[in-house]
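Survey of secondary and tertiary structure
So you can see what is in the structure, the chains are spelled out below.
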Amino acid sequence: MAKRTIKPGPYIVPMPTVLVGSVVDGRPNFMTAAFCGIANYQPAVIGCGLNPTHRTCRGIEEHGAFSINVPSRDQVVVTDYCGLVSGDKVDKSTLFETFTGSLPGAPMISSFPLTAECRLLQSVPLGQDTLYLAEIVAVHAEEGILTKDQVDWHKLHPLLFTFPDAGYWAMGEYVARAWSVGKQHPR
Ligand SMILES: Cc1cc2nc3c(=O)[nH]c(=O)nc-3n(C[C@H](O)[C@H](O)[C@H](O)COP(=O)(O)O)c2cc1C
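Described below are features of the structure shown in this document. (Residues numbered from 1 in each chain as written. Predicted model: local features only at pLDDT ≥ 70, side-chain atom pairs only at ≥ 80, totals over all residues. Heavy atoms only, no water.)

1. A short note on the sheet that holds strand 2 (residues 18-24)
Overall, antiparallel pairing links the seven strands, which are arranged 3-2-6-9-10-5-4 in an open sheet. Sheet topology places strand 3 (27-33) and strand 4 (36-40) at the edges, where each strand pairs with a single neighbour. In this sheet, neighbouring strand axes are inclined to one another by 35 degrees on average, regardless of whether the strands run parallel or antiparallel. Docked against the sheet, helix 1 (residues 55-63) engages strand 2, strand 3, strand 5 (45-50), strand 6 (65-70), strand 9 (114-125) and strand 10 (130-141), running at close to 60 degrees with respect to strand 2. Lying over the sheet, helix 2 (residues 76-84) contacts strand 2 and strand 3, oriented at roughly 100 degrees with respect to strand 3. (Pairing = 2+ DSSP bridges. Helix = DSSP H or I, 4+ residues; strand = E, 2+ residues; numbered from the N terminus. Axes fitted to C-alpha atoms, helices over the stretch in contact; angles between N-to-C directions. Contact = heavy atoms within 4.5 Å.)

Shown next as structure tokens:
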């Protein structure tokens, strides 16, 4: 089929929808982020493309830490709210009950089913956004989203994001098992 060249953009979907948390002026602050992905398996490293002018990023840079908070789809309203307003204008520190683990600069949201503490390794300015590369040092999961001690996405019901339609989505149909279905390919 004929192809047209379109404007370069973030057309890898779905993206995750998470809240990134940090401590700014002694208070937790949370921002919505979709530009997040796994960069290394062992040690577990995450990369988040965040605009350094965001309040949350000031906390990341000051304390060298941040949290990743994975909502389930029924937490969409508060998740979107944290992406609509800046903590510089509205105090978001009282939106959630929070807890910390080994990194005081990584406040986590008690009511979110899956949270992680991340230690900043490197900040790479790329233009509008800075790539914050961080090691995931601990993950905290609600019992109810686990099956045999593993995160079960069918229980968590993650919130996915697509661009450019700015849509939130639930996980769709299961297609096939990875590292397995490919064996059916003719050689
Ligand atoms: C669905 C969604 C995804 C977003 N993803 C990002 C992102 O990946 N990087 C980024 O810098 N901002 C992103 N934002 C914008 C920030 O969340 C927003 O500017 C927020 O108000 C910043 O908050 P803060 O100033 O309190 O840190 C996103 C917003 C929404 C609604």
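2. Quick notes on the site of the ligand
Around the ligand there are 21 residues in total, and Thr32, Asn51, Thr56, Ser86 and Gly87 lie nearest to it. Within the contact set of the ligand, an oxygen atom lies 2.6 Å away from a side-chain nitrogen or oxygen of Ser86. In this structure, Gly87 approaches the ligand through a main-chain N or O atom, which is 2.7 Å from an oxygen atom. In isolation the ligand exposes 650 Å². Once the protein is present, 85% of that is buried. Mapped by element, the contributors of at least two residues to the shell around the ligand are strand 3, strand 5, helix 1 and helix 2. Ranked by residue count, the leading element in the shell around the ligand is strand 3, at four residues. For the shell around the ligand, the class distribution of residues is nine nonpolar, nine polar and three charged. (Near = heavy atom within 4 Å. Polar contact = N/O pair within 3.5 Å; in protein donor to acceptor, adjacent residues only side chain to side chain. Areas by Shrake-Rupley, 256 points an atom, 1.4 Å probe, with all protein chains shown as cover. Nonpolar A, V, L, I, M, F, W, Y, C, P; charged D, E, K, R; others polar.)

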